[in-house]
Amino acid sequence: MDIPSSSNTSCSDFALYDFLPALHTSSSTSAGCFDLALAFLDQFPTPWYLRDLKAQVRLLKTFFLYVKMCRTRRNQEALLEHDQEHKDNTMSESFRRSIICFRIQDVVIRMVHDLQSAYLLYKHSGKSDHDILASAVTRSLENIIVFRETDVKKSCSIIFFDYYLLCPRVVMDLIVSLLQALEHYFYHLPVMDTIRQNLMLLRNLIGFATMRGVESMQLTDLFSQVAAVAARLFSVCQFDRYDNRVVNQMESEISQLIHEKINPSDPQVRETYIDVLTASKKQSRSSCALALEENECPVAVQFMESLHDYLMDLPGYHASFQVPVKDHILKLHQGIRYLSTLLKQAEKLDDEIKDLLGFAVCDAGILIFSLSVHEIREGLPRETYLRLFHLHKVLKYMMAELAHNYPVTSPYSSFNYCRSNELGYMDFFLEDLQELARCDKADDSNVFLLDRIQMVHKSLVFLRSVLENIKEQRFQNEKLQAFWSYVMEVAYKAEVLINSTLVGDECEDSLDAITRDINLLKIEALEIHNGQTQRVNRTFIHIPSKFTAAIHNEDLVGLDEKVKTITDRLTRGLKHLDVVPIVGMPGLGKTTLADKVYNASSVRSHFHVRGWCCVSQTYSKHSLFAQLLCSIHSESPSEYLEMDENDLVQILKQVLLRTRYLLVLDDLWDVEAWNLLENSLPNDVNGSRILFTSRFQDLSLQFKPGSKPYHLRQLTDDESWTLLQKKLFDKESCPPELSEIGYQIAKFCRGLPLTVVLVAGILATIAQDSWEEVAKSLSSIVLQDEYCMKTLDLSYSHLPDDLKPCLLYFAAFQEDQVINVQRLLWLWISEGFVQQTEEKSLEEAAYDYLMSLINRSLVIVTKKGAMNGAQICRLHDLVHEFCVKKAKEENFLHIIHSWKDPFGLSGLSNPHRICVHNTRELKIWEIMLNFPNLRCLLLLENQEEDWGILLPKLLRVLDLGVLNFRKSFPMEVVLLVHLRYLVLSGIRSIPSAIDNLSRLKTLIVPMPLSFVQLPDTIWNIKTLSYLRTPHSSRGFIFPDGNLEMSPDLDHLDTLHLAIHPSSQCLEKILKKLPSIRWLKCISLGAYNSQTAILVCNCLKLESLHLVEFRSFEFPLNLKKLVLKGNRQPWSEISTIGKLPHLEVLKLLNDSFIGEEWVTKEGEFPSLRVLKLSNLDIRNWTASSGNFSRLEKLVVHGCWNLEEVPSCLGECPALEMIEVITRRESVVNSVEQIRQEQKDMGNEILEIVISMHLPQK
């Protein structure tokens, strides 16, 4: 009988006259009664009662199948038995097993009968008496436990030790069932990880050996281990899991059992495993093996995963060990991962490689099981080294064979290098060579390579000087252009070969060839140098700073009237949910207008909730809801990335329910995005609105027939000229000599605001006598469709060479994606785009690069930080489209959207960088096979992959996004010795081998599983500059043992630190970080700790964020301070008020406690930004001598606060007050300040007030 599905059937459909006969029928022949019983339990109306009961039924099913298999084997023996006495004994044992099978089935049938009867009584009671059901479930559970304690327990000693009768499939299923039962009882205990790992290793070894053709009789030692464990586990999986004392006793007993019987670290167990793998090498594949492989995920892959887990958890593995041993263990990790990858792609391999692969798996297993803890700590024996060497030879051969299936363009073919900022690349390579030469001199281990590096460096310095002299003339001279291209090609080859040599590749012959090429180029360079005239100066030069473009991208002409029109439509009219569209062609400023409306004070005060999301052409339901929630709650996207889509929908519904809300859908391309959102938007008839922007004028009719979109028109010539002057000269007037040509240029912009600001960016950076050339370039563009793109091309051509790769890097991000500025700057630095100067740090220089792009109106600042610097930025969608095209054209970056077209890379010649977007079929190993010389791999979106990857060995930048590594750090990463930038998620700790990445500058863990433990070897990475986890309540735990002997991290600039609140410990760590400027400290101590924190020795510290520290002393140079959960009395704030340079202060979530804050005269002399959030303050008293430079005040959730100090009305620099309150008195005090400021002549003060009613 088919069990009806839960979607359309209730428990009452299982009538006794129907279900129970079917149950009896199925029980007579198979395990069907268990499946029927479980299906019945799934339909039960109170499933929370049934967890324990279902676990017991599954365990009985496992025991039943095991006994049944033994009975079948006994029957087969009886048929073959000639001795009648033996035959009778065998049949007798078989009969006993039959009785056990029937008794098990009978228990299950009676259970269902009892529950069915209870359900009928429950139904008769009007479904009100739940005790009837609960009693029936308890009774059934007790009956099963009694049965197991009597019948089953007595049979265990006989049944389980008939293991020689079993087939591997039954044993493997038995292990899985035991694990499921144990997970039910011990899922919350740490010991479960070890139990699961050891049992699955045993299960997968049995499966692999069977696949290799090993007969069951040869596996009896493994079967005996399973039998011993199973017999004991069956007797313990019946206890009361709610009794902690019993649980602890059982946990200890099971741990001891696993350790004694199936612990691979035990020499006897390891010897058994090695014997089985040795036998596996001698066998051919059997029919049983083929069936096993066809019916489930290949067990060979599972066996390799188990081997990897075992290797990772070897005792002492994460401790410090000898460097040669470490290197070999890392190579073994790489080999294991590569074997897993090949096994998953077995259908692409020929039979010879498949056979070789099977032998390699056996060898890898034998090698790993032959390792001992002593060997790892003290040094590997010669035999182990030879096995490892042999394994890698085999792997290298298989990789070469497999590569034939993926034809690759030669890594040294012409024009395959990035053609953006070629001289900048050359400078970065020369600097890299100098660093390599210094390192090789220090260890003196490779004299040959050191000589080559020095020779290549000296020759390329000379060739670089020649290229500098011809960089303008080459465009008019084919010979010079060919010479330029050949020098760059040879430089790229040299870099690849030298770096490949450093990771163990044998490239001596190729290096000899490159050396010959360089010598020939030097001869040609001398001829060119002797025949060249003086350098030709560039036509376009920088002009005086008074002509620098204004950076306020949002200042467009005539915007105020448009804002008022849209605002009126949003805040007036019908109470029903309504849609307000803004439509127009690209470049007219739709997003700018929507942003102005969204942030208008009247809109902010009218709507209780406001949310914004960028839709664009590619989107998902998950991303739309996550964006809206992030904007509503002002939180980072990481808070919602791992949330289920349905959860996001429910959260948004709850947030919007019974509120007047405004949602902005920016850059809408079709109605589908609206369809995804519409059903989740409540209509409470309170004036809620949807505002969207689109380039498609008829889209609004699909939303709401009869709706009237707001059409953005093009600017008039006069408006274009006004905007151009505003961008170029701000409030100053245009020089008379530029008025005529300037008006002509404005006219050529054809009324597109985007084109006007782009042209302003060009004009702001060239000499005045070059304006005529810009006018000629603009006048030559005929087609309207191409106008913005041609203008962008003109802007790009006028960029300094070192800014071009910085702009093209934006192509790696999604259209309309907001980008964290700090992360972007460190990407630029790691890529080598930024040249350091004596006056500024690399980060300061990189920020100047960004400001140059902002001043040219190519980049838009969407959010400023508390210190008024750019914090979040993005590109206009047309600028982004241009960057994507240009990046591909110059072989700068390739974006993968799909793997259907051979890896999404057809026609691509050896890309330098790859960025993966929106693919759930990610195959990093295919990138490795196709592009082994890849330098940058970015997975900037949410990806899903079974982490069996291979990484290109020359990577400098690796951003693995939010790929979850299931707690385990991916050891393949520590083999990437050239890595400078690393982002990875889902880990708890960093292995000691991290110091293999001796050039690492940036390490970011966006979504850690907990606090991230750093090893002692972290102190060896002298280049480390940026160590951060964006998660608000996570940080890195620094090792504090033997700090006196550890080297300083001289370059560490930014750190998220988690630490016990011991002032001595923190002070010692900070002494090792002399360059720290940005520090966040999260307390790991008890909530009531009173230990002081001392930061007085950090002479360069500018920004400090403390979470749950009780006492503090601060450096006098501090500029920004954030405190959260510190619970200090307000009397202690005077310490902060005396800091002479403090500009930003944020007091959050009980950082100070008490009802009254009285500021003293002269405190906070430099403070510009003050934020108070979730504090219990009631009275705040200040005088005119406080906050003399205050520009912005934010008060959120201080529900008891009665008023804002009136003295703020005298602050001459005040620009904004933002308040969320429940008290009218606070609103009145802010309005009084507004009036005082207005009387002083301050017309720009922005007041934002949100009234929140108390929750009932």
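Here the structure is a predicted model, which means the values were calculated and not measured.

1. Some words on the overall build of the protein
When helices and strands are tallied, the protein shows 41 helices and 32 strands. Across the 1256 residues of the protein, 55% fall into the buried class. A sequence separation of at least 24 residues applies to 66% of the contacts in the protein between residues at least 6 apart. Taken as a whole, the protein presents about 54200 Å² of accessible surface, with 50% of it coming from carbon and sulfur.

2. Focus: the packing of aromatic side chains
As enumerated under the stated definition, the model contains 22 aromatic pairs in all. Aromatic side chains Tyr598 and Trp612 sit 5.3 Å apart centroid to centroid with 80° between the ring planes, which places their arrangement in the edge-to-face category. Here Tyr598, found in helix H22 (residues 590-598), pairs with Trp612, found in strand S2 (residues 609-614); they are 14 residues apart in sequence, far enough to count as distant. By relative accessible area, which is 9% here, Tyr598 ends up buried. Ring geometry for Phe810 against Trp828: centres 6.3 Å apart, planes inclined by 75°, an arrangement best described as edge-to-face. Separated by 18 residues along the polypeptide, Phe810 in the loop between helix H34 (804-808) and strand S6 (819-820) and Trp828 in helix H35 (residues 821-831) bring together distant segments of the chain. Taking the relative accessible area as the measure of exposure, Phe810 reaches 1% and is therefore buried. Positioned above the aromatic ring of Phe892, the side-chain terminus of Arg913 is 4.3 Å from the ring centre. One Lys or Arg, Arg1222, reaches over the ring of Trp1199 and ends 4.0 Å from the middle of that ring.

3. Looking at helix H41 (residues 1224-1239)
Here H41 spans 23 Å end to end across 16 residues, near enough to the 22 Å set by a 1.5 Å rise per residue. Buried within H41 we find Val1226, Val1227, Ser1229, Val1230, Ile1233 and Gln1237. The arc that holds every buried residue of H41, seen down its axis, measures 165°, which confines them to one face. Among the exposed residues of H41, those oriented more than 90 degrees off its buried face are Glu1224 and Asp1239.

4. Here's the deal with the pattern of salt bridges
The full count for this structure, using the stated rule, is 35 salt bridges. A salt bridge links Arg913 to Glu831; its shortest N-O distance comes to 3.0 Å. On the criterion of sequence distance, the pair formed by Arg913 in strand S10 (residues 913-916) and Glu831 in helix H35 is long-range, its members being 82 residues apart. Judged by relative accessible area, which is 3%, Glu831 ranks as buried. Its salt-bridge partner being Glu1102, residue Arg1077 comes within 3.5 Å of it at the nearest N-O pair. Taken as a pair, Arg1077 in the loop between helix H39 (1063-1071) and strand S19 (1078-1083) and Glu1102 in the loop between strand S20 (1092-1094) and strand S21 (1103-1107) lie far apart in primary sequence, 25 residues in all. A residue is classified by how much of its surface remains accessible, and Arg1077, at 22% relative accessible area, is partly exposed. It is possible to trace a salt-bridge network through shared partners that takes in Asp427, Arg464, Glu468 and Lys471.

5. Overview of empty space enclosed by the protein
One pass over the full model with this rule turns up seven cavities of 30 Å³ or more. The computed volume of the second largest cavity comes to approximately 140 Å³. Considering the residues around the second largest cavity, the lining is formed by 15 residues, among which Ser420, Tyr425, Glu831, Phe833 and Arg913 are closest to the centre. The element that contributes the greatest number of residues to the lining of the second largest cavity is helix H17 (residues 422-443), accounting for three residues.

6. Looking at the packing of helix H29 (residues 717-729) against helix H31 (residues 753-763)
Packing of H29 against H31 leaves a shortest axis separation of 9 Å and a crossing angle of 40°. With respect to each other, H29 and H31 are oriented oblique. Here H29 and H31 pass one another in a crossing that is right-handed. Here Ser720, Leu723, Leu724, Lys727 and Leu728 of H29 lie close against H31, whose contacting residues are Pro753, Val756, Val757, Ala760 and Leu763. A per-class count over the contact of H29 with H31 returns eight nonpolar, one polar and one charged.

7. A word on the side chain of Asn204
On the secondary structure map, Asn204 appears in helix H7 (residues 191-211). Overall, the relative accessible area of 2% leaves Asn204 in the buried class. Separated by 2.8 Å, the side chains of Asn204 and Ser306 make a polar contact. For Asn204, the residues in contact, after removing those within four places along its chain, are Gln302, Phe303 and Ser306.

8. Focus on helix H14 (residues 351-370)
The α-helix winds at 3.6 residues per turn, so residues separated by three or four positions along the chain end up facing the same way. Spanning 20 residues, H14 covers 29 Å between terminal C-alpha atoms, matching the ideal 28 Å at 1.5 Å per step. Most of H14 sits inside the fold, with 14 of its 20 residues counted as buried.

9. Let's talk about the nonpolar core
Note that soluble globular proteins tend to have their nonpolar side chains buried in a common cluster. Among the nonpolar cores identified, the biggest contains 100 residues, and Leu958, Phe1038, Ile1136, Trp1157, Leu1170, Trp1180 and Phe1187 are the most heavily contacted of them. Residues within four places of Leu958 in sequence aside, it is in contact with Leu937, Leu951, Val973, Leu976, Leu979, Tyr981, Leu982 and Val983. In this structure, Leu593, Leu712, Ala845 and Cys873 belong to the second largest nonpolar core, which totals 79 residues.

10. Considerations on the sheet that holds strand S7 (residues 860-864)
Here three strands make up an open sheet; going across it, the order is S6-S8-S7 and the pairing antiparallel. With one partner strand each, in any of the chains shown, S6 and S7 form the two edges of the open sheet. Inspection of the sheet shows S6 paired to strand S8 (residues 870-874) by two bridges, in the antiparallel sense. Residue Asn820 lies in a different strand from S8, and its bridge partner there is Ile872.

11. Focus: the pairing of strand S30 (residues 1192-1196)
Taking burial as the measure, the five residues of S30 include four buried ones, the bulk of the element. Pairing of S30 with strand S31 (residues 1216-1221) involves five bridges; the strand directions are parallel. If you follow Leu1193 over to S31, its bridge partner there is Ile1217.

12. Brief notes about the sheet that holds S2
The sheet built from five strands is open, its strands ordered S2-S3-S4-S1-S5 with parallel pairing. Of all strands in the sheet, those with a lone pairing partner are S2 and strand S5 (710-711), marking the two edges. Relative to strand S3 (residues 661-666), S2 is paired through six bridges, and the arrangement is parallel. Paired with Cys614 across the two strands is Asp666, which belongs to S3.

13. Observations concerning the packing of H35 against helix H36 (residues 842-855)
Contact pair H35 / H36: the axes reach a minimum separation of 9 Å and the direction vectors enclose 110°. Considering the angle they form, H35 stands roughly perpendicular to H36. Along its contact with H35, which presents Val821, Gln822, Leu824, Leu825, Trp826, Trp828 and Ile829, the element H36 presents Leu842, Glu843, Ala846, Tyr847, Tyr849, Leu850 and Leu853. Looking at the contact of H35 with H36 residue by residue, the classes come out as twelve nonpolar, one polar and one charged.

14. Here's the deal with a negative patch on the surface
Judged by side-chain charge, Asp350, Asp351, Glu352 and Asp355 come together as a negatively charged surface patch. By secondary structure assignment, the location of Glu352 is in helix H14.

15. A closer look at the environment of Glu1155
Within the secondary structure, Glu1155 is located in the loop between strand S26 (1152-1153) and strand S27 (1156-1158). Overall, Glu1155 belongs to the partly exposed group, its relative accessible area being 47%. Sequence-wise, Glu1155 and Ile1177 are 22 residues apart; in three dimensions their C-alpha atoms are separated by 4.1 Å. Once residues within four sequence positions are removed from consideration, Glu1155 is found in contact with Asp1176, Ile1177, Arg1178 and Asn1179.

Cut-offs used in this document
By convention here, each chain's residues receive numbers from 1 onward along its written sequence. Confidence filtering applies because this is a predicted model: local features only for residues at pLDDT of at least 70, side-chain atom pairs given and counted only at 80 or more, and all residues used for totals across whole chains, interfaces and linings. To get the side-chain values, all heavy atoms of the structure are used, and hydrogens and water are removed first. Put simply, DSSP H or I for four residues or longer makes a helix, DSSP E for two residues or longer makes a strand, and each gets a number counted from the N terminus. Each residue gets one of three labels from its accessible area relative to the maximum for its type: buried under 20%, exposed over 50%, partly exposed in between, using a 1.4 Å probe on protein chains only. In what follows, a contact means two residues having at least one pair of non-hydrogen atoms within 4.5 Å. The Shrake-Rupley method, run with a 1.4 Å probe, gives the accessible areas here. Residue values count only the displayed protein chains as cover. Geometry of aromatic contacts follows a simple scheme: Phe, Tyr and Trp rings, the Trp one being its six-membered ring, pair when their centres are within 6.5 Å, and the pair is stacked under 30 degrees between planes, edge-to-face over 60, tilted otherwise. Only Lys NZ and Arg CZ are tested; either one counts as a charge over a ring when it is within 6 Å of the ring centre and within 35 degrees of the ring normal. Expected helix span is given by 1.5 Å per residue-to-residue step, counting one fewer step than there are residues. Our arc is simply the arc of the directions from the helix axis toward the C-beta atoms. A pairing counts as a salt bridge when a side-chain nitrogen of Lys or Arg comes within 4 Å of a carboxyl oxygen of Asp or Glu. Using only the protein atoms, space was sampled on a 1 Å grid; points where a 1.4 Å probe fits but cannot get out form cavities, open sets with protein on both sides within 12 Å along at least five of seven lines form pockets, and lining residues are those with an atom within 4 Å of a point. Grid points are joined across faces, edges and corners, and a volume is the space filled by probe spheres set on the points. With axes taken as lines fitted to C-alpha atoms, and helix axes fitted only over the stretch in contact, angles between N-to-C directions fall between 0 and 180 degrees. Angular relationships are summarised with four words: roughly parallel below 35 degrees, roughly antiparallel beyond 145, roughly perpendicular across 65 to 115, and oblique for the angles in between. Crossing handedness: left-handed means the near helix sits turned counterclockwise from the far one by under a right angle, and right-handed means the same turn made clockwise. Under the scheme applied, nonpolar residues are Ala, Val, Leu, Ile, Met, Phe, Trp, Tyr, Cys and Pro; charged residues are Asp, Glu, Lys and Arg; polar residues are all the others, including Gly. In protein, a polar contact means a hydrogen-donor-capable atom and an acceptor-capable atom, both N or O and within 3.5 Å, with residues adjacent in sequence counting only if both atoms are side-chain atoms; elsewhere, any N or O pair within 3.5 Å suffices. Nonpolar cores were defined as sets of buried Ala, Val, Leu, Ile, Met, Phe, Trp, Tyr and Cys residues, with membership established by side-chain atoms within 4.5 Å. What makes two strands pair is DSSP finding at least two bridges between them. Patch definition: residues with relative accessible area over 30% and no salt bridge; like charges joined within 9 Å; nonpolar side chains (Val, Leu, Ile, Met, Phe, Trp, Tyr) joined within 5 Å. The charge count treats Lys and Arg as positive and Asp and Glu as negative. His and the chain ends do not count. A charged residue contributes its charge at one atom only: NZ of Lys, CZ of Arg, CG of Asp or CD of Glu.

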